[in-house]
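# Residue-level structural notes
In case you want the letters, here they are:
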Amino acid sequence: MSFQAYIDNIKAKTGKSPEDFKKLAEAKGFMQDGGLVKTVKATEVTNWLKEEFELGHGHAMAIYATFKGKKS
């Protein structure tokens, strides 16, 4: 599955874009000033996405990758 396919599937399932998730991550304290907080681990972010949005591991990692700056 391509990166864009992951993003499209996440949008279809949750109704949220990567930008929406970034705003939510900022509210959770995972991101600040548009970047990941240095002390935040990938596992913390993926566990949150799995629990709150019922994403699978690969999909949660795709969102985490967008937090790190991946666009395609």
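What comes next is a walk through the structure.

Procedures and definitions
- For every chain, the first residue of the written sequence is number 1, and numbering continues from 1 along that sequence.
- In view of the model being predicted, local features appear only for residues whose pLDDT reaches at least 70, and side-chain atom pairs are presented and counted only at 80 or more, with totals across whole chains, interfaces and linings using the full set of residues.
- Processing note: side-chain calculations cover all non-hydrogen atoms of the structure and skip hydrogens and water entirely.
- Secondary structure is summarised from DSSP: a helix means a run of H or I of at least four residues, a strand means a run of E of at least two, and numbering begins at the N terminus for each.
- Radius of gyration here is computed from C-alpha atoms only, and the compact-globule reference equals 2.2 Å multiplied by the residue count raised to the power 0.38.
- The classification of residues rests on relative accessible area computed with a 1.4 Å probe and restricted to protein chains. Under 20% of the type maximum is buried, over 50% is exposed, and intermediate values are partly exposed.
- What makes two residues a contact is simply this: any of their non-hydrogen atoms within 4.5 Å.
- The definition of a nonpolar core used throughout is a set of buried Ala, Val, Leu, Ile, Met, Phe, Trp, Tyr and Cys residues joined through side-chain atoms within 4.5 Å.

Attention now goes to the overall build of the chain. Secondary structure assignment for the chain yields 4 helices and 2 strands. Its helices and strands in sequence order give the chain the pattern α-α-β-β-α-α, from N to C terminus. Computed over the C-alpha atoms, the radius of gyration of the chain is 11 Å, within 12% of the 11 Å expected from 2.2 N^0.38 for a compact globule of 72 residues. Judged by the C-alpha coordinates and their principal axes, the chain covers about 30 × 25 × 20 Å. The buried share among the 72 residues of the chain stands at 33%. Counted over contacts in the chain with a minimum sequence separation of 6, partners at least 24 positions apart contribute 55%.

This paragraph deals with the nonpolar core. The biggest cluster of nonpolar side chains holds 19 residues, and the ones touching the most others in it are Phe21, Val45, Trp48, Leu49, Ile63 and Phe67. Elements with a contribution of two residues or more to this core: helix H1 (3-14), helix H2 (18-28), helix H3 (42-53) and helix H4 (57-67). By residue number, the principal contributor to this core is H4, which donates 6 residues. When residues no more than four places from it in sequence are discounted, the contact partners of Trp48 are Phe21, Leu24, Ala25, Lys28, Phe30, Phe53 and Phe67.

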